[in-house]
Amino acid sequence: MTATAPPVHRAPAPYSGGADRLPATPRWYADAGGVAAGLTLLIVTALWVGNGGLQQVGGGGADAFAAAGRLTGLWASDLLLLQVLLMARVPMVERAFGQDRLARWHRWTGFTSFWLMVAHILLIIIGYRGADSPHFLGELWDLIWTYPGMLLATAGTLALVMVVVTSIRLARRKLRYESWHLLHLYAYAGVGLALPHQLWTGTDFIGNKVATAYWWTLYAVSAGAVVAYRIGVPVWRNLRHRLVVDRVVAEGPGLTSVHLRGRNLAALPVRAGQFFQWRFLDGPGWSRAHPYSLSATPHGHGLRITVKTLGDGSARVASLRPGTRALIEGPYGKLTGESYRGGPVVMLACGIGVTPLLSLLGELPYAPGEATLIYRARTQAEIAFRAELEWFATHRGVRVIYLLGPRADRPSWLPAQHADHADAEALSTIAPWIAYSQVFVCGPEGWTDAARTAARDAGVAPENLHTELFAW
Ligand SMILES: Cc1cc2nc3c(=O)[nH]c(=O)nc-3n(C[C@H](O)[C@H](O)[C@H](O)COP(=O)(O)OP(=O)(O)OC[C@H]3O[C@@H](n4cnc5c(N)ncnc54)[C@H](O)[C@@H]3O)c2cc1C
């Protein structure tokens, strides 16, 4: 067993758990976020009731349709703005929920607000012109041309329809990630274009000062969050730290590490286990960002990422030259040790998912024998960082267990030759103390789901189970 390891692990700074740069996320953040989201829906409903919505629905007839149409429109707008806020990279929201969870909710609120918007359009047409109108499409055309802001709202609706259609799983699989992402940005145009019709014609918007103040505040907070956190903070952070490629190291076939240096990195609020969105200014195509986790503990002197070649974006990392400027967005992700207070640690990695776990191994203050890393790969040749893992085994008493082999023919975190064991039972056999361990899981979607389920079935409490998906 060799005891050599790159300096990234050899001389860590005195352990601080990264708390000096990024304090732990209070538990109540997530609860507060959920309550605030629910509250906004209650508020818009209350404002609609205050504006006579309920009586109109009770009164029946065309007015009932119009009132129901207004309510679905208000819920659709509210969810649309919540969606914008969910993906605005607000640090409190990011740290409370993590990006993979946020992405799932974003998808759910997106589709829900879309169907509410469809209901809004249909109910409003019926309410304004009557369900028995012989020329339904003619009436729709008339509404679009007659009412202020409706042309813009129609353009906004079309933009949102395009975003929704391209987000249906079947369509999304057929699109390149970059094309899908670019089209997805049209949702901002959709939200912006829908605003004027609400401002100029919305009964629940103009008729009531409290409603006006509420909606303006929600729009301003959403737009402000996007400008501040998706543009302002990254620009400021890049100007402050000025990251450049220091050296590029081939770790193995199709696996490249990039070491970066920059200014004042001790002040970069990042913890082991987190990731950034990276852009390297190495020529055409630089504007497409890719998420890569830190593969070494950030100690304030430099950063390291390790990239497996998959497609065009990851392949160009191998040809980066020292001195190339790197732009970052982040840090993101909640696969951190912020809730770790000592005791047993079990890590499960699949393939390149080992990168954030490697950086966590360097940060967490476990005692010798307390940490276990279970590393799943298809073949010996696919195991990355063998020398560094051996260093952790020798110097910090980490148990490293390799599970090699092809995928099982059932959803499982185990390789095919061990798939006759039940998933949770196999985990408990490898780490009998799993139920009272902090468990960290990272890998592709299906495997991560199976590993999470196995950990939960083996008795791991949800608050002790930390995961990062390497796909959204
Ligand atoms: C949170 C997170 C952390 C990651 N950390 C690492 C890491 O440390 N090392 C590593 O090798 N890989 C990591 N990945 C995976 C890596 O981002 C993708 O392999 C890479 O972006 C593929 O891009 P490509 O152009 O080479 O491949 P493509 O062939 O264009 O894409 C292959 C697949 O990668 C995904 N993908 C592509 N571009 C993006 C993007 N900009 N954002 C999100 N997903 C994308 C899509 O699902 C796509 O289907 C991480 C992914 C996520 C979500």
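Note that the structure is a prediction, hence the values are computed from the model and not measured.

A. Structural detail: the sheet that holds strand 8 (residues 371–377). An order of 9-8-7-10-11 is seen for the five strands of this open sheet, with the pairing classed as parallel. Each edge of the sheet is formed by a strand with only one pairing partner; in this case those strands are strand 9 (399–404) and strand 11 (465–469). The average angle at which neighbouring strand axes cross in this sheet is 10°, direction not considered.

B. The sheet that holds strand 4 (residues 290–293), seen in detail. Spatial ordering of the open sheet is given by 4-3-6, a layout of three strands whose pairing is antiparallel. Every interior strand has two partners, whereas the edge strands, strand 4 and strand 6 (326–332), have only one. In this sheet, adjacent strand axes meet at a mean angle of 35° when their direction is disregarded. Bridge count for strand 3 (residues 275–280) against strand 6 is five bridges, and the pairing is antiparallel. Across the sheet, Phe280 pairs through a bridge with Ala326, a residue of strand 6.

C. Looking closely at the environment of Arg70. For Arg70, the position within the fold is in helix 4 (residues 61–86). In this structure Arg70 comes out as buried when scored by C-beta crowding, with 22 C-beta atoms within 10 Å. Sequence separation between Arg70 and Asp204 is 134 residues; the distance between their C-alpha atoms is 7.8 Å. The residues touching Arg70, leaving out its near neighbours within four places in the chain, are Trp48, Gly53, Thr203 and Asp204.

D. Up close: the packing of helix 4 against helix 13 (residues 209–241). The interhelical angle for the contact between helix 4 and helix 13, taken along N-to-C directions, is 25°, at an axis separation of 9 Å. When the axis of helix 4 is compared with that of helix 13, the two are roughly parallel. Remark: the crossing between helix 4 and helix 13 carries left-handed chirality. Where helix 4 abuts helix 13, its residues Leu81, Val84 and Leu85 lie against Leu218, Tyr219, Ser222, Ala225 and Val226. Its residues placed into classes, the contact of helix 4 with helix 13 shows seven nonpolar, one polar and no charged.

E. Just the site of the ligand, in detail. Residues in contact with the ligand amount to 23 residues; listed here are only the nearest, Tyr177, His290, Gly311, Gly313 and Ser314. Elements that contribute at least two residues to the shell around the ligand include exactly strand 4, strand 5 (303–308) and helix 14 (312–315). Here the residues of the shell around the ligand sort into 12 nonpolar, seven polar and four charged.

F. Representation of the nonpolar core. Counting 63 residues, the largest nonpolar core has Met347, Ala349, Leu357, Leu361, Leu373 and Ala455 as its most contacted members. In terms of residue count, strand 7 (residues 345–350) provides more of this core than any other element does, six residues in total. Taken domain by domain, the makeup of this core includes at least three residues from each of domain 2 (242–332) and domain 3 (345–469). Filtering out sequence-adjacent residues up to four positions away, Ala349 remains in contact with Val354, Leu357, Leu373, Tyr375, Arg376, Cys442 and Gly443. Counting 42 residues, the second-largest nonpolar core is a separate cluster that includes Val44, Met87, Leu102 and Phe205.

G. Representation of the packing of helix 6 (residues 99–129) against helix 8 (residues 150–167) in the model. Close contact between helix 6 and helix 8 brings their axes to 11 Å; oriented N to C, the two are set at 135°. With respect to helix 8, the element helix 6 is oriented oblique. Viewed along their axes, helix 6 and helix 8 form a crossing whose handedness is left-handed. When helix 6 is examined against helix 8, the residues Gly110, Phe111, Phe114 and Met117 are found in contact with a partner set consisting of Thr157, Leu160, Val164 and Ser167. Here the residues of the contact of helix 6 with helix 8 are counted per class, giving five nonpolar, three polar and no charged.

Parameters at a glance
Residues numbered from 1 in each chain as written. Predicted model: local features only at pLDDT ≥ 70, side-chain atom pairs only at ≥ 80, totals over all residues. Pairing = 2+ DSSP bridges. Helix = DSSP H or I, 4+ residues; strand = E, 2+ residues; numbered from the N terminus. Axes fitted to C-alpha atoms, helices over the stretch in contact; angles between N-to-C directions. Buried ≥ 20, exposed ≤ 12 C-beta atoms within 10 Å, placed from the backbone. Contact = placed C-beta atoms within 7 Å. Parallel < 35°, antiparallel > 145°, perpendicular 65-115°, else oblique. Left-handed = near helix turned anticlockwise from the far one by under 90°. Nonpolar A, V, L, I, M, F, W, Y, C, P; charged D, E, K, R; others polar. Near = placed C-beta within 6 Å. Core = buried A, V, L, I, M, F, W, Y, C linked by C-beta atoms within 7 Å. Domains from an automatic or database assignment.

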